Amino acid sequence: MILLQALAFILDGQNWVSGPRILYQLGVTLSISAISVLIVVVIATPIGIAIGHTGRGRGVAILLSNVTRALPTLGLLSILIVLIGVNATPVAIVLVLLGIPPMLAGVYAGIESVNRSTIDAARAMGMTEGQIIGRVEIPLAAPLIVGGLRATTLQIVATTTVASAFAFGGFGLYLIKGLNTADYVQMAAGAILVTALCLLIDGLLAVVQRLVAPRGVPRDGADSASPKPRARASRSRATATVSPLQEGMQS
Amino acid sequence: MIEFRDVTKRFPDGTLAVDDFSLVIPSRQITVLVGSSGSGKTTLMRMINRMVDATSGAVEIDGVNVSTIEPVKLRRSIGYVMQNSGLLPHRRVVDNIATVPILNGTPKAQARERALQLMDTVGLDRSLAERYPAQLSGGQQQRVGVARGLAMDPNILLMDEPFSAVDPIVRDELQQEVLRLQAELARTIVFVSHDIDEAFLLGDQVVVLERGGHIVQKGAPVDILANPATEFVATFIGADRGRRRLVVSDTARPESGDDRVLVDSGGYPVGLISARDGQLAIGSPTPKSRSVSNKTDQAGDA
Ligand SMILES: Nc1ncnc2c1ncn2[C@@H]1O[C@H](COP(=O)(O)OP(=O)(O)OP(=O)(O)O)[C@@H](O)[C@H]1O
Ligand SMILES: [Mg+2]
C-alpha cells in the first residue's frame, strides 16, 4: 500500500534530518509562506479597512481580485523566474498576488458587516474616524478578518508546492521528484505532508478566530438590523475559502 | 439656547428634507419635535451635533454657529440618545457609559465610578454594570443609552425617538424617568417623537412638523390642545375624532367612591375625575401629576 509506505516514509525520523530532509523542507515552506502572508496582511488590511469603512472602491477590489484569481499560477511564476531569476522573489510575488483577494475580502466584508447604526452612534458620541475603525469596526469584524487570514494562509501554503517545480524547495519537491522518478511513495508522502500542514494551520487559525470573537456579541443575529451586509459577508467568505488546497495543486 | 435660522437641508440625492426652517429652542427646557415619518425631525436634530451639515442657513448654540465648531469636539459636548440605544455590543454596560469620558481623557477608574453613579441616576441596578448590551432588556438598554448621553454632563441632550421601540408600560416608566431627571438636572433637551401623547407629556414646547420640516404649529401643549392651528394638527392630535374633548359621563359610574367617569365624544371612558361631595375637582398640575395630560392613554391607570 502506497499510503502506508508513505506514512512510514514520513514517520522515519532519519528522513527528517538527512536524505529528503523533511525538516528543512518544512522550514522552507513555512518561511516563504510566512513572509508572503505578512506582505499580504500589510497590503490588504489597510485597503480592506478603507473599502469597508467608506463603502467605496468595492467594485474595483472585486474586479482586481477576480483578475488575480484567473491568473495561471505556474505560467506567471515561469515568466517571473525568467525575468528575475531563480530565487525567493518571484515565488513570493506569486504567493502574494494569490493571497491578497481572500484577505481583502475578509477585511472589507468584516468591516461592512458591522451594524451601521452602531457606527452611527459611535460617530454621534464624538469618536474620530480612527477611533471608530480601531475601537468599533475592527473588534466587531475580527472573526471575519481572521477568516480572511485563514483562507489566505491556506491558499499560500498550498501554493508553495508549485514553487518547488523550480527546485526552490518545499514539500512540492517530493511531488516533482516523485513524479520524475516514478517514486509514488515519495509523491504520496509529499501530498500527505502538505495536507497535514494545511489542516494544522487551519486548525490553529480556527482557534484564533474563536479567540478574537468579540465577547457579548451573540454568534449570530447580533447585528440583526443589518441582514444584508451579513449575507454578503458570508458569501464573500465562502468564495474566499473555495478550497485553496485544490486550487494551489491544480495550477 | 439653540437657534435655527433659515436652515435648509438638501441631501445629495436631491431630497429636500428641511426647507427654510427657523426655530428657537430655549435652554433648560424640553422641546419636542413631533410629526409624521419623513417630516425631517431626525435631520433637524442631527444638524445640531453636525451629524448632518445644513445646506444653507445657520444652527447656533448660544450664539455660536455650529459650523465653526469641530464636529468631534461638538459631538462630545452633546448627549445623544437614539431609538435602538446604539450601544457598542462588544462593551460592557459600564464601559459603554464611560466611553466618551474616556475618549476625553478621564482616567479609567474615575470614568467607571462616574458611570456607576449614572446607572443610579437613570434607575439601573449596579449589578448590571458588567453585562453586555445583548444581555439587557430593551428598556434597560434605553436607560443605558440615556446614562451614556449624560456621561459628559452635557448641557444639551438630543433624544431621537428613544422610547419608540419599547413596550407601552416600559415607555411610560422611561418617560416619567425623563421628567424626573429633567426636574433634577434641567438640561436643554431636544426630543424627537412621532407620538403626540409623548410630546404633550414631555414637552415644554411642542413643535408640530409637516414634510420638509415645515412648522405647522408650535407652543405649549395646552395651547396646541386648545387651539389646533390647522386641520392637520387637529387630526394629528386626535381632536377631530373628539378624542381630546372629554365630558363627565351621566351614565357610567364607578361602583363605589366619589369619582366620576370621563368619556370622550365617542362615549369611550378615558379616565376618572374626583368629585368629592359632588364637587368636581379642579387642580393645578404639579410636576408629579404631569402624567395626567396623558390620561387618554392610561385610562384605568388613574
Ligand atoms: N442620508 C439621506 N440621504 C437622502 N435622503 C435622506 C437622508 N436622510 C434622510 N433623508 C430624507 O429626508 C427626509 C426627512 O428624513 P428624516 O429622517 O429627517 O425624517 P424623520 O422625520 O426623522 O422621519 P421618521 O419619523 O421616520 O424617523 C425623508 O424624506 C428622508 O427620506
Ligand atoms: Mg427620524
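What you are looking at is a predicted structure, and each value in this text was computed from that prediction instead of being measured.

Draft legend 1. Layout of the site of ligand 1. Residues and elements named next belong to chain B. Around ligand 1, 14 residues are found, and the nearest of them are Ser37, Gly38, Lys41, Thr42 and Thr43. Residue Gly38 places a main-chain N or O atom 2.8 Å away from an oxygen atom belonging to ligand 1. Within the complex, 64% of the 640 Å² of free accessible area of ligand 1 lies under protein. Among the elements that take part in the shell around ligand 1, helix H1 (residues 41-48) stands out by supplying 3 residues, more than any other. Its residues placed into classes, the shell around ligand 1 shows 2 nonpolar, 8 polar and 4 charged.

Draft legend 2. Local environment of the packing of helix H3 (residues 22-54) of chain A against helix H10 (residues 184-212) of chain A. All names here are of chain A. Remark: H3 packs on H10, axes separated minimally by 12 Å, with the N-to-C direction vectors making an angle of 50°. By the criterion of interaxial angle, the relationship of H3 to H10 is oblique. For the element pair H3 and H10, the recorded crossing hand is right-handed. Across the interface between the two elements, Ile22, Leu26, Thr29 and Leu30 from H3 touch Leu193, Leu197 and Ile201 from H10. Its residues assigned to classes, the contact of H3 with H10 shows 6 nonpolar, 1 polar and no charged.

Draft legend 3. How the structure looks around the interface of chain B and chain A. In this complex, chain B contributes 22 residues to the contact, which on the side of chain A involves 21 residues. A combined buried area of about 1,900 Å² lies between chain B and chain A, and 63% of that area is made up of carbon and sulfur atoms. Ranking the residues of chain B by area buried against chain A places B:Pro89, B:His90 and B:Leu103 at the top, with a combined share of 27%. Where B:Arg46 meets A:Asp120, a salt bridge forms, and the shortest distance between an N and an O atom there is 2.7 Å. Inspection of the region where chain B meets chain A yields 5 residue pairs in polar contact (both at pLDDT 80 or more).

Draft legend 4. Structural detail: the sheet that holds strand E12 (residues 260-264) of chain B. Residues and elements named next belong to chain B. Across the sheet, which stays open at both edges, the 3 strands sit in the order E11-E12-E13 with antiparallel pairing between neighbours. The strands lining the two open edges of the sheet, one partner per strand, are strand E11 (246-248) and strand E13 (269-273). Pairwise comparison of adjacent strand axes, ignoring direction, gives a mean angle of 35° for this sheet. Here 4 bridges tie E12 to E13, and the two strands are oriented antiparallel to one another. Residue Val261 lies in a different strand from E13, and its bridge partner there is Leu272.

Draft legend 5. Geometry of the pairing of strand E10 (residues 214-219) of chain B. Residues and elements named next belong to chain B. With 5 bridges joining them, strand E9 (residues 205-210) and E10 adopt antiparallel strand pairing. Paired with Val208 across the bridge in E10 is Gln217. The loop that links E9 with its antiparallel partner E10 comprises 3 residues; one of these, Gly212, has a positive phi angle of about 85°.

Draft legend 6. Fine view of the sheet that holds strand E5 (residues 64-65) of chain B. Residues and elements named next belong to chain B. Taking strand neighbours across the sheet as the criterion, the 4 strands line up as E2-E1-E4-E5 in an open arrangement whose pairing is antiparallel. Among the strands making up the open sheet, the edge pair consists of strand E2 (16-25) and E5. Sheet topology places strand E1 (residues 2-10) next to E2; 6 bridges connect them, and they run antiparallel. Note on E2: the bridge partner recorded for Val7 is Phe21. On top of the sheet, H1 reaches E1, E2 and strand E4 (56-61); it is set at about 120° to E1, its chief contact.

Draft legend 7. Structural context of unusual backbone geometry. The phi torsion at B:Asp20 lies on the positive side, around 50°, for a residue other than glycine. Tracing the chain through its elements places B:Asp20 in strand E2.

Draft legend 8. Local environment of helix H7 (residues 116-125) of chain A. Within H7(A), 8 of the 10 residues are buried, leaving the element largely enclosed by the surrounding structure. Residues A:Ser117, A:Thr118, A:Ile119, A:Asp120, A:Ala121, A:Ala122, A:Ala124 and A:Met125 constitute the buried set of H7(A). Close packing links the buried residues of H7(A) with helix H8 (129-163) of chain A together with H1, helix H2 (71-76), strand E6 (78-81), helix H3 (93-103) and helix H5 (138-150) of chain B. One side-chain oxygen of the residue at the start of H7(A) lies 3.0 Å from the amide nitrogen of A:Ser117, identifying that residue as A:Asn115.

Draft legend 9. Main features of the pattern of salt bridges. Residue and element names in this part refer to chain B. Inspection of every chain in the model, using the stated rule, returns 18 salt bridges over all chains. Across the pair Arg50 and Asp53 runs a salt bridge whose closest N-O atoms are separated by 2.9 Å. Look at Arg50 and you get buried, because its relative accessible area is 15%. Residue class for Asp53 comes out partly exposed when judged on its relative accessible area of 37%. Through salt bridges with shared partners, one network takes in Arg143, Glu173, Glu177, Arg180 and Glu184.

Here is what the cut-offs are and how they apply
- Residues numbered from 1 in each chain as written.
- Chains lettered and ligands numbered in written order.
- Predicted model: local features only at pLDDT ≥ 70, side-chain atom pairs only at ≥ 80, totals over all residues.
- Heavy atoms only, no water.
- Near = heavy atom within 4 Å.
- Polar contact = N/O pair within 3.5 Å; in protein donor to acceptor, adjacent residues only side chain to side chain.
- Areas by Shrake-Rupley, 256 points an atom, 1.4 Å probe, with all protein chains shown as cover.
- Helix = DSSP H or I, 4+ residues; strand = E, 2+ residues; numbered from the N terminus.
- Nonpolar A, V, L, I, M, F, W, Y, C, P; charged D, E, K, R; others polar.
- Axes fitted to C-alpha atoms, helices over the stretch in contact; angles between N-to-C directions.
- Parallel < 35°, antiparallel > 145°, perpendicular 65-115°, else oblique.
- Left-handed = near helix turned anticlockwise from the far one by under 90°.
- Contact = heavy atoms within 4.5 Å.
- Buried area = accessible area lost by both parts, 1.4 Å probe.
- Salt bridge = Lys/Arg side-chain N within 4 Å of Asp/Glu carboxyl O.
- Pairing = 2+ DSSP bridges.
- Buried < 20%, exposed > 50% of the residue type's maximum accessible area, 1.4 Å probe, protein only.

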